[in-house]
Amino acid sequence: MTSQIYNQKKFVPTPPEKGSFPLDHEGLCKKQFLLYASCLRRNAQDTSQCREDAQNYLACRMDNNLMERTEWSKLGFHSDSKPAKEEKQDSSN
Amino acid sequence: MLRTLNALRGQCQQLLRSSIPRQKPNQIWRMKSTDSPEEAARKLRLKSTLYYITAGGVLIVGLSYAAVPLYSIFCQAYSYGGTTSQGHDSEKVEHMHKVKDRILKIRFNADIGSSMRWNFKPQQYEIKVAPGETALAFYTARNPTDKPVIGISTYNVIPFEAGAYFNKIQCFCFEEQQLNPHEEVDMPVFFYIDPEITGDPALEHCDTITLSYTFFEAREGLKLNFPNYAKPHAAA
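Keep in mind it's a predicted model, so treat the numbers as computed, not measured.

What counts, and at which threshold
- Residues numbered from 1 in each chain as written.
- Chains lettered and ligands numbered in written order.
- Predicted model: local features only at pLDDT ≥ 70, side-chain atom pairs only at ≥ 80, totals over all residues.
- Heavy atoms only, no water.
- Helix = DSSP H or I, 4+ residues; strand = E, 2+ residues; numbered from the N terminus.
- Buried < 20%, exposed > 50% of the residue type's maximum accessible area, 1.4 Å probe, protein only.
- Contact = heavy atoms within 4.5 Å.
- Areas by Shrake-Rupley, 256 points an atom, 1.4 Å probe, with all protein chains shown as cover.
- Pairing = 2+ DSSP bridges.
- Axes fitted to C-alpha atoms, helices over the stretch in contact; angles between N-to-C directions.
- UniProt positions renumbered as here; feature names shortened; annotations may be inferred.
- 1 Å grid on protein atoms, 1.4 Å probe; cavity = no way out; pocket = protein on both sides within 12 Å on 5 of 7 lines; lining within 4 Å.
- Points joined across faces, edges and corners; volume = space filled by probe spheres on them.
- Salt bridge = Lys/Arg side-chain N within 4 Å of Asp/Glu carboxyl O.
- Disulfide = S-S within 2.5 Å.
- Patch = residues over 30% accessible without salt bridge, like charges linked within 9 Å, V, L, I, M, F, W, Y side chains within 5 Å.

1. Side note on the overall build of chain B
- When helices and strands are counted, chain B shows three helices and nine strands.
- Seen in sequence order, chain B has helices and strands lined up from the N terminus as α-α-α-β-β-β-β-β-β-β-β-β.
- Split into buried and exposed, the 236 residues of chain B put 35% on the buried side.
- Once local pairs closer than 6 in sequence are excluded, the contacts in chain B between residues at least 24 apart make up 73%.
- Accessible area of chain B: about 14900 Å², with a carbon and sulfur share of 58%.

Below you can see the structure in the form of structure tokens.
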């Protein structure tokens, strides 16, 4: 209704850049999600400490076809220590 | 008696004719050859002044009508006042720098429409994020009914001015999502706050941003205010 007030600033919801995440019906990435959630709890909800777990979760999504594969730098992950961890995670899975 | 009255009348008429100026009102506009030079100059000045004033008035009215589209074009071109052009590009994500000295708290809120039967809640109440850094957050939705339910969501950012700096890379909104009976899913939101938020004076004292998602049930004939890029889920 507020958007109908003439000449007022309207809130325009912008589309997400990559569109919508497909739903993870089978819970394929549940483990990575739980790891990320526990990391957040340990670090008092500070996301900068949990970037690796976030990266793991997104890597799991990409591996299971739940997300388009993109370079990490395009998603804002610039650390170069990541690839080693990713391989370790994949091998343990 | 009549003679005196007539004489009086004649005298009055003579007096009137001599005192009232001969010119009728509309003769101010007509410059006659019988006018003296001062009269002509005065009339000319009067006319020009009036023309100038009328033209000025018309110009002001025209400018105020033209100002509306001109202003919006200016704002779009120079990103003034938060009216950035649609979306953002991935180049920005690659090159943006984290702003370390300003940590923002992002609170999450989850709502459902009145007839929506899902249980929908955020997985974390709030997270601390630095502008310029991408962050991941989760919501959980559960379908407790025995039938598959299709939902579609929209979002809102409070405070209003912060919405221009809140950029989502990927989320679960604006597309229909189906949940099978008794199914529970985690829905991630991957976003970042534009580092230009530090330059916005209106948000100088803002350190909490609330992201609120609302899920509605997608039904035939349900008309919601969706932007035109929202598309229905392809039949899976």
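2. With respect to the environment of E133 of chain B
- Looking at the element boundaries, E133 of chain B is found in the loop between β3 (126-129) and β4 (134-142).
- Residue E133 of chain B is classed as buried on the basis of its relative accessible area, which comes to 9%.
- E133 of chain B sits 33 residues away from K100 of chain B along the chain, and the two C-alpha atoms are 9.6 Å apart.
- Sequence-distant contacts of E133 of chain B, that is, excluding residues within four places in its chain, are made with T47, S48 and R51 of chain A together with M96, K98, F191, Y192 and I193 of chain B.

3. Observations concerning the sheet that holds strand β2 (residues 119-122) of chain B
Residues and elements named next belong to chain B.
- Spatially, the four strands line up as an open sheet ordered β2-β4-β8-β6, and their pairing is antiparallel. Pairing within the sheet leaves two strands with one partner each, and these edge strands are β2 and β6 (166-170). Taking the axes of each pair of neighbouring strands and ignoring which way they run, one obtains an average angle of 30 degrees across the sheet.
- Bridge analysis of β4 against strand β8 (residues 184-193) gives nine bridges, and the strand direction is antiparallel. In the sheet register, T134 faces β8, and the bridge partner there is Y192.

4. A short note on the UniProt feature "transmembrane region" (unreviewed entry) in chain B
- Following the UniProt record, one finds the feature "transmembrane region" (unreviewed entry) at residues 50-74 of chain B.
- Within the segment residues 50-74 of chain B, helix and strand shares are 100% and 0% respectively, and the terminal C-alpha atoms sit 34 Å apart.

5. Remarks on the pairing of strand β9 (residues 208-217) of chain B
Residue and element names in this part refer to chain B.
- By the criterion of burial, β9 is predominantly enclosed, with seven of the 10 residues buried.
- When strand β5 (residues 149-158) meets β9, the two strands line up antiparallel, connected through eight bridges. Of the residues in β9, the one forming a bridge with I158 is T210.

6. Here's the deal with empty space enclosed by the protein
- The tally for this structure, following the rule as stated, stands at one cavity of 30 Å³ or more.
- When its volume is computed, the largest cavity comes out at roughly 40 Å³.
- Taken together, Y36, T47, C50, R51, A54 and F77 of chain A together with T134, A135, L136 and F190 of chain B make up the full set of residues lining the largest cavity.
- Mapped onto the lining of the largest cavity, the elements with two or more residues apiece are α2 (51-63) of chain A together with β4 of chain B.

7. What about the pattern of salt bridges?
Residues and elements named next belong to chain B.
- Applying the stated criterion to the full structure yields eight salt bridges over all chains.
- Measuring nitrogen to oxygen at the nearest pair gives 3.0 Å for the salt bridge that ties E126 to R107. Of this pair, E126 sits in strand β3 while R107 sits in strand β1 (residues 104-112); the two residues are 19 residues apart in sequence, bridging distant segments of the chain.

8. A closer look at the state of the cysteines
All names here are of chain A.
- Going through the model one piece at a time under the given rule, you end up with two disulfides over all chains.
- One disulfide in the model links C29 with C60; its S-S distance is 2.1 Å. Taking the sign of the S-S torsion, about -95 degrees here, the bridge from C29 to C60 comes out left-handed. Placement of the pair is C29 in the segment before α1 (30-42) and C60 in helix α2, with a sequence separation of 31 residues.
- The disulfide partner of C39 is C50, and the S-S distance across this bridge is 2.0 Å. Residues C39 and C50 are joined through a disulfide that is left-handed, its torsion about the S-S bond being -95 degrees.

9. What about a nonpolar patch on the surface?
- A cluster of nonpolar residues, M1, L5 and L8 of chain B, forms a patch on the protein surface that exposes about 380 Å² of accessible area.
- One can find L5 of chain B in helix α1 (residues 2-19).

10. Some remarks on the sheet that holds β5 of chain B
Residues and elements named next belong to chain B.
- Taken in spatial order, the five strands of this open sheet run β3-β1-β9-β5-β7, and their pairing is mixed. Either end of the sheet is taken by a strand with one partner, and the two such strands are β3 and β7 (177-179). Adjacent strand axes in the sheet meet at a mean angle of 30 degrees when their direction is disregarded.
- Here four bridges tie β1 to β3, and the two strands are oriented antiparallel to one another. Within β3, the residue paired with K105 across the bridge is K128.

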